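# Overview (structure and organization)
Listed below, chain by chain, are the residues.
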Amino acid sequence: MKKSGVIKAVITILIILLIVGAYYFFTTQRRTSVEDTVELTEIQKLITKNLDTNYPATPREVVKYYNRILECFYDDTYTDDELESLADQARKLLDDELLENNPRDQYLSDLKADIEDYHNKSKTIRSSNVCDSNDVVYQTVDGRECAYVTASYFMNENNSFDRTNEMYVLRKDDDGDWKILVFYQVEGDSSDEQ
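Now for a description of the structure that goes with this document. (Residues numbered from 1 in each chain as written. Predicted model: local features only at pLDDT ≥ 70, side-chain atom pairs only at ≥ 80, totals over all residues. Heavy atoms only, no water.)

The next thing to look at is the overall build of the protein chain. Helix and strand counts for the protein chain come out as six helices and five strands. By the compact-globule yardstick of 16 Å for 194 residues, the protein chain is too spread out, its C-alpha radius of gyration being 26 Å. If you line up the protein chain on its principal axes, its C-alpha atoms span 95 × 45 × 35 Å. The buried share among the 194 residues of the protein chain stands at 31%. The contacts in the protein chain between residues at least 6 apart in sequence include a share of 57% that link residues at least 24 apart. Accessible surface, the protein chain as shown: approximately 12,700 Å² in total, 49% of it carbon and sulfur. (Helix = DSSP H or I, 4+ residues; strand = E, 2+ residues; numbered from the N terminus. Rg over C-alpha atoms; globule rule 2.2 N^0.38 Å. Buried < 20%, exposed > 50% of the residue type's maximum accessible area, 1.4 Å probe, protein only. Contact = heavy atoms within 4.5 Å. Areas by Shrake-Rupley, 256 points an atom, 1.4 Å probe, with all protein chains shown as cover.)

Rendered as structure tokens:
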């Protein structure tokens, strides 16, 4: 009788463990499936990227990432916190010299005014393109490595379309990361742009 009681206890414990294990398995699988189906917005993708550990490797990639931020600034809807997070991400791409000349509060103030101006003019960035890797020009300036990257922006303003070209000058910092030092509008044949 004792032997059958022990067997029943062992079987009962095994059934309980099986039920608990099955419950855990199905709840974690369901949670994982729900998490896998959540699609991040472009803004969420940009602000959750850890630039300290996953910084763009080339000058071209830096400008492409910066352009994604610009397109969100001017074309998306977001909260004030998201705008500040986007601005902070953009600032991580800027050279220390440019950051010194644009303190965070001033940068945010200027950015908000520029965004408001875009909205008042019904102006949007329809698309942006960055020159091919072969078209990036590298030079040493004052003993520092610099890169010149051209980007083009296809703009829509009140159903009128225009293309603008910008030259980005990036400088390699002490950590080996390419940072935007300056950018300016350039004239040129936009048919050469990619």
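Next comes the rest of the account.
Where helix 3 (residues 59-75) meets helix 4 (residues 80-91), the closest approach of the two axes is 10 Å, and the angle between their N-to-C directions is 155°. Overall, the two elements helix 3 and helix 4 adopt an arrangement that is roughly antiparallel. Regarding helix 3 and helix 4, the two cross each other, and that crossing is left-handed. Taken together, the residues of helix 4 that come into contact with helix 3 (itself represented by Tyr 65, Tyr 66, Ile 69, Cys 72 and Phe 73) are Leu 83, Leu 86, Ala 87, Gln 89 and Ala 90. Across the contact of helix 3 with helix 4, the residue classes tally to nine nonpolar, one polar and no charged. (Axes fitted to C-alpha atoms, helices over the stretch in contact; angles between N-to-C directions. Parallel < 35°, antiparallel > 145°, perpendicular 65-115°, else oblique. Left-handed = near helix turned anticlockwise from the far one by under 90°. Nonpolar A, V, L, I, M, F, W, Y, C, P; charged D, E, K, R; others polar.)

A few words now on the pattern of salt bridges. The full count for this structure, using the stated rule, is eight salt bridges. Note that Glu 84 is salt-bridged to Arg 104, the shortest N-O span being 3.4 Å. Here Arg 104 lies in helix 6 (residues 104-120) and Glu 84 lies in helix 4, a separation of 20 residues in the sequence. Residue class for Glu 84 comes out partly exposed when judged on its relative accessible area of 27%. Across the pair Glu 145 and Lys 172 runs a salt bridge, and its minimum N-O distance is 3.8 Å. Within this pair, whereas Glu 145 is found in strand 3 (residues 144-157), its partner Lys 172 is found in strand 4 (residues 160-172), the two being separated by 27 residues in sequence. You can call Lys 172 partly exposed: its relative accessible area is 24%. (Salt bridge = Lys/Arg side-chain N within 4 Å of Asp/Glu carboxyl O.)

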